[in-house]
Number of protein chains: 2
Amino acid sequence: MPEYNLAPFAHLAEQFERLPGIGAKTANKLAYFMLSLPEEDAQKFADAIVDARKKIHYCKICCNLTDKDICSICADPKRDKSIICVVEDVRDVMALEKTQEFFVSYHVLHGILSPMRGILPDMIKIKELLARLKDDTVKEVVMATDATIEGEATAMYISKLVKPLGIKVTRLAYGLPVGGDLEYADEVTLTRAIQGRHEL
Amino acid sequence: MPEYNLAPFAHLAEQFERLPGIGAKTANKLAYFMLSLPEEDAQKFADAIVDARKKIHYCKICCNLTDKDICSICADPKRDKSIICVVEDVRDVMALEKTQEFFVSYHVLHGILSPMRGILPDMIKIKELLARLKDDTVKEVVMATDATIEGEATAMYISKLVKPLGIKVTRLAYGLPVGGDLEYADEVTLTRAIQGRHEL
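A brief report on the enclosed structure follows.

Conventions used here
- Residues numbered from 1 in each chain as written.
- Chains lettered and ligands numbered in written order.
- Predicted model: local features only at pLDDT ≥ 70, side-chain atom pairs only at ≥ 80, totals over all residues.
- Heavy atoms only, no water.
- Helix = DSSP H or I, 4+ residues; strand = E, 2+ residues; numbered from the N terminus.
- Rg over C-alpha atoms; globule rule 2.2 N^0.38 Å.
- Buried < 20%, exposed > 50% of the residue type's maximum accessible area, 1.4 Å probe, protein only.
- Areas by Shrake-Rupley, 256 points an atom, 1.4 Å probe, with all protein chains shown as cover.
- Lys, Arg positive; Asp, Glu negative; His and termini not counted.
- Charge placed at Lys NZ, Arg CZ, Asp CG, Glu CD.
- Least-squares fit on C-alpha atoms with pLDDT ≥ 70 in both.
- Contact = heavy atoms within 4.5 Å.
- Pairing = 2+ DSSP bridges.
- Axes fitted to C-alpha atoms, helices over the stretch in contact; angles between N-to-C directions.
- Expected span 1.5 Å × (residues − 1).
- Phe/Tyr/Trp six-rings, centres within 6.5 Å; stacked < 30°, edge-to-face > 60°.

Thoughts on the overall build of chain A
Now for step 1: The number of helices and strands found in chain A is 8 helices and 6 strands.
Now for step 2: Counting from the amino terminus, chain A carries its helices and strands in the arrangement α-α-α-β-β-α-β-α-β-α-β-α-β-α.
Now for step 3: Here chain A has a C-alpha radius of gyration of 22 Å; the compact-globule value for 200 residues is 16 Å, and the former is much larger.
Now for step 4: Overall, the C-alpha framework of chain A stretches about 70 × 45 × 35 Å when taken along its three principal axes.
Now for step 5: The burial tally for chain A puts 42% of its 200 residues in the buried class.
Now for step 6: About 11400 Å² of surface is accessible on chain A, with carbon and sulfur atoms providing 56% of the total.
Now for step 7: Between the mean site of the 26 positive side-chain charges and the mean site of the 30 negative ones, chain A shows a separation of 5 Å.

Here's what the structure looks like:
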């Protein structure tokens, strides 16, 4: 048996290889790095995984991640509960929160509709969104899914379910990225930027 | 507190960020992926880390990684013990073993001399190498450190310690990479390839 088949090492490298964007070479490098850590630090790393996985679950209201029953955004009385911003995943919440501009509530779909990849409406948190619209609190649903074909299709699908409830459905604006060079913008973005032009 | 400061999540992301080549964004992505795993799988991942770190240590002879006293290469009676191939780290052993051409023993330095980064001779496994040369078993030491300035310097440094013991010291050949296009080779490599030319 060649030494690089050392079972616990190979097993650890295999685990790293499961992570998104990590190939066989990087997995080896990471496993090797892990062995070079003091035993205490490796234990801390392992504990952080188990701890996070055990304590963190979906918020009962918005499906954001939380270690309580209800996430800190839903629990915040200063948030505008009449607007729900619908996003694909938790990292989108993080991105929007960083703007410090949009003090609304969220709804995390945990996925995006994709018939190609077999992701159907009942596999993402659409039912949970509709349940939140039953009382009259919500006045606007902002579709903040990605500006991709799948993100667009998901926004359209959900808007068709929400509009009949008499709730306004909006979509994030398309246009030039701030600081972006006009000549490098693709035609589709440019077309959208022209369509969405506003008076100064 | 914004939700992305969720303590166990932030702590896990921090741990991932310690890994080489992993930045803040990737660390977030990996931590998020870990939360999306079934709890059982997250536990397995954590166990693999602790298990590997606990069971794997340096071979008493060659400083390769092993879960026994002596690694499987040193324990192999078919290996040519008269040749020691000196490498920087364990991944180099893996790479050389993959050639299936070089059935010798190894010595893993676990680092490379670098005064710039403060890595001095007593911080890598040079003492352990010299101790192995005391009896008359070893006839040749092959310096297989990287073809970088630091690798070259380390090879020179060690060869100066080994040669006085009457042991042959060799260095891996420089030249064109197999399958490489001559016109794309840099001048230094090409010069070395010319110097190292051999009769056909």
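Concerning the relation of the copies chain A and chain B
Now for step 1: When chain A is fitted to chain B, the residual RMSD is 0.1 Å, and the transformation amounts to a turn of 180° plus an axial shift of 0.0 Å. On this basis, the relationship between the two copies can be described by a two-fold rotation axis. Distance from the rotation axis, computed per C-alpha, reaches its smallest value in chain A at A:A46: 2.1 Å.
Now for step 2: A high fraction, 100%, of the interface residues of chain A reappear at the interface in chain B, so the copies pair face to face through one surface.

Observations regarding the sheet that holds strand β4 (residues 104–108) of chain A
Residue and element names in this part refer to chain A.
Now for step 1: The strand order β4-β3-β5-β6 describes an open sheet built from 4 strands, whose pairing is parallel. Here the strands that pair on one side only, and so sit at the sheet edges, are β4 and β6 (168–171). For this sheet, the mean inter-axis angle between neighbouring strands, taken without regard to orientation, is 25°.
Now for step 2: One ladder, built from 4 bridges, connects strand β5 (residues 140–143) with β6; its direction is parallel. Bridging from a neighbouring strand, E140 pairs with K168 of β6.
Now for step 3: Packed onto the sheet, helix α7 (residues 149–162) meets β3 (80–87), β5 and β6 and runs at close to 170° relative to β6.

Quick look at the sheet that holds strand β4 (residues 104–108) of chain B
Residues and elements named next belong to chain B.
Now for step 1: Sheet architecture is open: 4 strands sit in the order β4-β3-β5-β6, paired in parallel fashion. Of all strands in the sheet, those with a lone pairing partner are β4 and β6 (168–171), marking the two edges. For this sheet, the mean inter-axis angle between neighbouring strands, taken without regard to orientation, is 25°.
Now for step 2: Bridge count between strand β3 (residues 80–87) and β4: 5 bridges; the pairing is parallel. What sits directly across from D80, in β4, is V104.
Now for step 3: Running at roughly 160° to β4, helix α5 (residues 90–98) makes contact with β3 and β4 of the sheet.
Now for step 4: The strands touched by helix α7 (residues 149–162) are β3, β5 (140–143) and β6; relative to β6, the strand with the most contacts, the crossing angle is about 170°.

Details of helix α2 (residues 24–36) of chain A
Now for step 1: Compared with the 18 Å implied by 1.5 Å per residue over 13 residues, the 19 Å span of α2(A) between its first and last C-alpha is a close match.
Now for step 2: For α2(A), the full list of buried residues reads A:A27, A:L30, A:A31, A:Y32, A:M34 and A:L35.
Now for step 3: The elements touched by buried residues of α2(A) are α1 (7–17) and α3 (39–55) of chain A together with α3 (39–55), β2 (65–66) and α5 of chain B.

Comments concerning the packing of aromatic side chains
Now for step 1: For the structure on display, the rule yields 2 aromatic pairs over all chains.
Now for step 2: When the centroid spacing of 5.2 Å and the interplanar angle of 85° are considered together, the rings of A:F16 and B:F45 count as edge-to-face. Taken together, the residues span two chains, with A:F16 in helix α1 and B:F45 in helix α3. Each member of the pair A:F16 and B:F45 is classed as buried.

In short, geometric facts, not functional conclusions.
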